[in-house]
Amino acid sequence: MDSINFTDIFKSSILERTTTFSLVDSVIGLVVAFIVGLFIYFVYKKTFSGVIYSHTFNISLIVMSMATALIIMGIASNVLLSLGMVGALSIVRFRTPIKDPMDLVYLFWAIIAGILCGAGFIPLVIVGSLLIGLVLIIFINRITVENPYLLVVKYQDNAIETALEHVIARNSKKHSLKSKSVMPGHDYEITYEIRVKETDASFIENISNMEGVRSAVMLSYDGNFTA
C-alpha cells in the first residue's frame, strides 16, 4: 500500500489551477477594463441628450466592463466552468426599463470591452473604443436631428378645418394628419405631426386666436405615435 503524505492531502484541482493563474495578466486586464469603462463613462456623459441624466447608470458601465472581464478570465481556461457560468447567468434578467435606445448601445459597448479585456485583446479594445467614442461624439453632438412635433387642436366648428390646414401648411416644412376625434358636446380634436421652420412655433398663437378654436398645444416627441 502506497503511503499518503502531507502534500497529497492538500493536492487538488483548485491548487493546480492556481499555479497556471497569471496575476500580472489579470491585473492588466482589469486595469484596462477600468480605463475603457472610464472612457465610456465620459463619452456617455458628454453625449447624453435626454431629459434626466442617471449617474448610477453611468457608473454601472464601468463596473460592467470590469465584471465582464473578470468572468472571461475565470472561464477562459475551463470549458466546463464556462458552460456552468452560461447556465448560471441565464437566470439573471435585466428588468430596468431602457427609455433611450442609445443606452443599449453603451451597455453593449461596455460588455464587449469587458470580454475583449478578459480575453487579452488589449490593443483591439483600445483602438475599437477610441473609434466608437469618436463616432458617438461626432454624430450625436455635431449632427442635429430635426425632431417632429405633435400639434393638438381642439375646436368647435368643423368648418375651420380648411383654414387650419392652410395655416399649418404655410408655417411648417411638412405636416401630416395623425388622428381626428369627436369629443362630447360636438367638440373636435385633431392631431398633426409637423416639422416647423427653424423651430419657429409662433404660429400656434395664430391658431389659438382663430374663431372656434378652444385650445392649441404643440408637443415635441420622438416620432412614435399611438393613436
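Residues numbered from 1 in each chain as written. Predicted model: local features only at pLDDT ≥ 70, side-chain atom pairs only at ≥ 80, totals over all residues. Heavy atoms only, no water.

1. Structural notes on a nonpolar patch on the surface
A grouping of Leu 23, Val 27, Val 31, Phe 34, Ile 35, Leu 38 and Phe 42 is seen on the molecular surface, where their side chains present a nonpolar patch of about 640 Å² in accessible area. Topologically, Phe 42 is positioned in helix 3 (residues 23-47). (Patch = residues over 30% accessible without salt bridge, like charges linked within 9 Å, V, L, I, M, F, W, Y side chains within 5 Å. Areas by Shrake-Rupley, 256 points an atom, 1.4 Å probe, with all protein chains shown as cover. Salt bridge = Lys/Arg side-chain N within 4 Å of Asp/Glu carboxyl O. Helix = DSSP H or I, 4+ residues; strand = E, 2+ residues; numbered from the N terminus.)

2. A word on helix 6 (residues 101-119)
Over its 19 residues, helix 6 runs 28 Å from end to end, which matches the ideal 27 Å to within 8%, given 1.5 Å per residue. When helix 6 is considered as a whole, its buried residues turn out to be Asp 103, Tyr 106, Leu 107, Trp 109, Ala 110, Ala 113, Gly 114, Cys 117 and Gly 118. Take helix 6 and look down its axis: the buried residues cluster within an arc of 160°, on one side only. Set apart from the buried face of helix 6 by more than 90 degrees, the exposed residues are Pro 101 and Phe 108. Phi turns positive, to about 95°, at Gly 120, one or two residues after helix 6. (Expected span 1.5 Å × (residues − 1). Buried < 20%, exposed > 50% of the residue type's maximum accessible area, 1.4 Å probe, protein only. Arc of directions from axis to C-beta.)

3. Re the sheet that holds strand 1 (residues 149-155)
Overall, antiparallel pairing links the 4 strands, which are arranged 2-3-1-4 in an open sheet. Unpaired on one side and paired on the other, strand 2 (172-183) and strand 4 (213-220) mark the two borders of the sheet. Looking at each pair of strands side by side, their axes are set apart by 20° on average, direction ignored. Sheet analysis places strand 2 next to strand 3 (residues 187-196), joined by 10 bridges and oriented antiparallel. The partner of Ser 181 across the bridge, within strand 3, is Glu 189. Against the sheet, helix 8 (residues 161-171) makes contact with strand 1, strand 2 and strand 3, and its axis sits at roughly 150° relative to strand 2, the strand it touches most. (Pairing = 2+ DSSP bridges. Axes fitted to C-alpha atoms, helices over the stretch in contact; angles between N-to-C directions. Contact = heavy atoms within 4.5 Å.)

4. Quick word on the pairing of strand 1
Most of strand 1 is tucked away, with 5 of its 7 residues classed as buried. Strand direction decides the pairing type here: strand 1 and strand 3, joined by 7 bridges, are antiparallel. Residue Tyr 155 lies in a different strand from strand 3, and its bridge partner there is Tyr 188. One ladder, built from 7 bridges, connects strand 1 with strand 4; its direction is antiparallel. The residue bridging Leu 151 from the neighbouring strand is Met 218, located in strand 4.

5. As for the environment of Ser 49
Assignment of secondary structure puts Ser 49 in the loop between helix 3 and helix 4 (55-75). Among the residues examined, Ser 49 registers a relative accessible area of 63% and is labelled exposed. A sequence separation of 91 residues divides Ser 49 from Ile 140, and the C-alpha atoms of the two residues are 8.4 Å apart.

6. So, the packing of helix 3 against helix 6
Between helix 3 and helix 6, whose axes approach to 9 Å, the crossing angle comes to 165°. Taken together, the axis directions place helix 3 and helix 6 in an arrangement best described as roughly antiparallel. Here helix 3 runs over helix 6; the crossing is right-handed. Residues Gly 29, Val 32, Ala 33, Val 36, Phe 39, Ile 40, Val 43, Tyr 44 and Thr 47 of helix 3 form the contact with helix 6, whose own contacting residues are Asp 103, Tyr 106, Trp 109, Ala 110, Ala 113 and Cys 117. The residue makeup of the contact of helix 3 with helix 6, split by class, is 12 nonpolar, 2 polar and 1 charged. (Parallel < 35°, antiparallel > 145°, perpendicular 65-115°, else oblique. Left-handed = near helix turned anticlockwise from the far one by under 90°. Nonpolar A, V, L, I, M, F, W, Y, C, P; charged D, E, K, R; others polar.)

7. Remarks on the pattern of salt bridges
If the charged atoms of two oppositely charged side chains come close together, the side chains can form a pair. Overall, the coordinates contain 4 salt bridges when judged by the stated rule. One salt bridge in this structure joins Glu 189 and Lys 154, with 3.8 Å as the shortest N-O distance. Of the two residues, Glu 189 is situated in strand 3 and Lys 154 in strand 1; the sequence distance between them amounts to 35 residues. Taking the shortest distance from any N to any O, the salt bridge between Glu 161 and Lys 180 comes out at 2.4 Å. Taken together, the residues span a long stretch of sequence, with Glu 161 in helix 8 and Lys 180 in strand 2 at a distance of 19 residues. For Lys 180, a relative accessible area of 42% gives the class partly exposed.

8. Observations regarding the packing of aromatic side chains
For the coordinates displayed, the defined rule picks out 7 aromatic pairs. For the pair Tyr 41 and Phe 42, a centre-to-centre distance of 5.2 Å together with 85° between the ring planes defines the contact as edge-to-face. Since its relative accessible area comes to 10%, Tyr 41 is described here as buried. Centroid distance Tyr 106 to Trp 109: 6.0 Å. Interplanar angle 35°. Geometry classified as tilted. Here Tyr 106 and its partner Trp 109 are both found in helix 6, 3 residues apart, which amounts to about one turn of the helix. There is no split in this pair, since Tyr 106 and Trp 109 are both buried. In textbook terms, an aromatic cluster arises when at least three aromatic residues are bridged by ring pairs, as seen for Phe 39, Tyr 44, Phe 48, Phe 57, Tyr 106 and Trp 109. (Phe/Tyr/Trp six-rings, centres within 6.5 Å; stacked < 30°, edge-to-face > 60°.)

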